[in-house]
Amino acid sequence: MSKWENNIRKVVPYVPGEQPKDTSAIKLNTNENPYPPAPGVAEALRNLDPASFRLYPDPSASLLTEEIAKLYGVGQDQVFVGVGSDDVLAMAFLTCFHSDKPILFPDITYSFYDVWADLFRIPYEKQPLDETFRIRTEDYKKENGGIIFPNPNAPTGLFMPLDAVEEIVRANPGVIVIVDEAYIDFGGTSALGLLSKYDNLLIAQTFSKSRSMAGMRIGFLLGNPALIRLINDCKYSFNSYTMSQAAIALGTAAVRDREYFYECTQKIIRTRERAKKKFLELGFLCGDSMGNFLFVAHPKYRAAELFAALKDAGIYVRHFCTPERISNYLRVTVGTDNEMDALFAFLEQYRPDDRSN
Ligand SMILES: *Cc1c(COP(=O)(O)O)cnc(C)c1O
C-alpha cells in the first residue's frame, strides 16, 4: 500500500450497461431509444460552425433553458440543464442533500443513487418496496435529510400515481424531494403540475431516452427559482461550462420538434404493449411498465443463464445480480418491432439446461 492511500477518497463506482463493439448486436440493455433524434437535430448539426468553437459556450445555456421553459410552461429561471440527468442529479445531491439525517430512496431503484450518496458522504437509508414492487408512501414520512425516487421507478417500470407523489412531497416540507422522471414521456404523468404548489419539489428529466439523444448528454431539472439558483451556485463552483455549443444547439432543436417527439414515444409505447403481451404468452411475469423497458422473469428459467444465452445470440439485455429479490429478473429495453421480433424468435426456441431449481 502506498503511503498516500489513506488520504485518498475511495468509492465504488456505478457500472453502466455494456456498449458492445459489435454494431450488429441487438442492444436492449441500456434503455436507449431505437429511433434517431428529431430531423431538426440533423439540420442544427449541419448549421454548426466550427469557427465558433474557439469561444466558450454560453455558461447558462439560455437558448436551451428557454426552449425547455416554453415547452413546460415554466419560467426560464426554473430550469437547470446539465450533461445528462446523471450530471444534474449529482449536482442536485450535492446542493440539496446537506443534512446529518439520512436521505431516503427505495431499495430497488436506479443504482446510481447510493453511489452519489457515498461519493458526497451523504447518509442514506433504503426503503424496501412492497411485495408487488411498489413504493410505500408511509416509508417516506419519517425524519430524513431528503428524498429521491424515480417515477416510473427503474428497473421495475412501475408508475406511482401523482396523488401518492404529492403525499410524499406534502409530508416533507423541510427537505427537498427529487422525482427522477427519466421515463415520464412513455405514458406517465409528470409531477410538473405540483411545482407551483410545493417549493420543496425538484423534477429531473433527460434527453437520453424519449428524445433519442443519450450520446449528446443532456438532462435538466425543473424547480422553484430560489432552489434552481442555489443549484446553479454549486454548478458555478464546480464547472461553469457543462454544456457544449453542440449540446445547446442540438438540444434546442430537439425540443422544438414536438410532433416527431409525440410520434416517436407513441411508437415505443405501442411496441412495449405488444412485447408485454408476447412475454406473458411465453410464460414470463411482466409488470405494467410505463417506461421504455420491461422487467420480466420466467418461473422456469434462471435469469443469469438466459442473459448469457441471449448475449451469445447477439441480443443484449440487462441483468442485475443485486438486490437478491430482483436477481431472477431481466430488464429488456423496448427496441424497434423488428428487434423485439428477433428477441421473441430466440425465446420461442429457448430451452434452458435441465435442472431442478
Ligand atoms: C437513464 C437514467 C438516468 C440518467 O440518464 P442520463 O443519460 O444521464 O440523462 C437517470 N435516472 C434514471 C432512473 C435513468 O434510468
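See above for the structure.
Calculation rules
Residues numbered from 1 in each chain as written. Predicted model: local features only at pLDDT ≥ 70, side-chain atom pairs only at ≥ 80, totals over all residues. Heavy atoms only, no water. Helix = DSSP H or I, 4+ residues; strand = E, 2+ residues; numbered from the N terminus. Rg over C-alpha atoms; globule rule 2.2 N^0.38 Å. Buried < 20%, exposed > 50% of the residue type's maximum accessible area, 1.4 Å probe, protein only. Contact = heavy atoms within 4.5 Å. Lys, Arg positive; Asp, Glu negative; His and termini not counted. Charge placed at Lys NZ, Arg CZ, Asp CG, Glu CD. Pairing = 2+ DSSP bridges. Right-handed = clockwise from strand over helix to strand, strands pointing away. Near = heavy atom within 4 Å. Polar contact = N/O pair within 3.5 Å; in protein donor to acceptor, adjacent residues only side chain to side chain. Nonpolar A, V, L, I, M, F, W, Y, C, P; charged D, E, K, R; others polar. Salt bridge = Lys/Arg side-chain N within 4 Å of Asp/Glu carboxyl O.

## Here's the deal with the overall build of the chain
So, point 1. Along the backbone of the chain there are 10 helices and 13 strands.
So, point 2. Relative to its length of 357 residues, the chain is compact, with a C-alpha radius of gyration of 21 Å against a globular reference of 21 Å.
So, point 3. Among the 357 residues that make up the chain, the fraction classed as buried is 52%.
So, point 4. Sequence separation of at least 24 residues holds for 72% of the intrachain contacts in the chain that already meet a minimum separation of 6.
So, point 5. For the chain, the separation between the mean place of its 39 positive charges and that of its 45 negative charges on side chains is 2 Å.

## Description of the pairing of strand β4 (residues 124-127)
So, point 1. Across four bridges, strand β3 (residues 103-106) lies against β4 in parallel orientation. Each residue of the ladder has a partner; that of leucine 104, found in β4, is glutamate 125.
So, point 2. Remark: the β3/helix α4 (residues 113-119)/β4 crossover connection has right-handed handedness.

## Comments concerning the site of the ligand
So, point 1. Around the ligand sit Gly84, Ser85, Asp86, Tyr110, Asp180, Ala182, Tyr183, Thr206, Ser208, Lys209 and Arg217, and that is every residue in its neighbourhood.
So, point 2. Aspartate 180 is positioned with one of its side-chain polar atoms (N or O) 2.7 Å from a nitrogen atom of the ligand.
So, point 3. Between the ligand and arginine 217 there is a distance of 2.8 Å, counted from an oxygen atom to a side-chain nitrogen or oxygen.
So, point 4. The element contributing the most residues to the shell around the ligand is helix α3 (residues 84-96), with three residues.
So, point 5. When grouped by side-chain class, the residues that make up the shell around the ligand number three nonpolar, four polar and four charged.

## Quick word on the pattern of salt bridges
So, point 1. According to the stated counting rule, one finds 17 salt bridges in the structure shown.
So, point 2. We note a salt bridge from arginine 256 to glutamate 67, for which the minimum N-O separation is 3.2 Å. Of this pair, arginine 256 sits in helix α7 (residues 245-256) while glutamate 67 sits in helix α2 (residues 62-72), and the two are 189 residues apart along the sequence.
So, point 3. Where salt bridges share partners, they join Glu67, Lys70 and Arg256 into one cluster.

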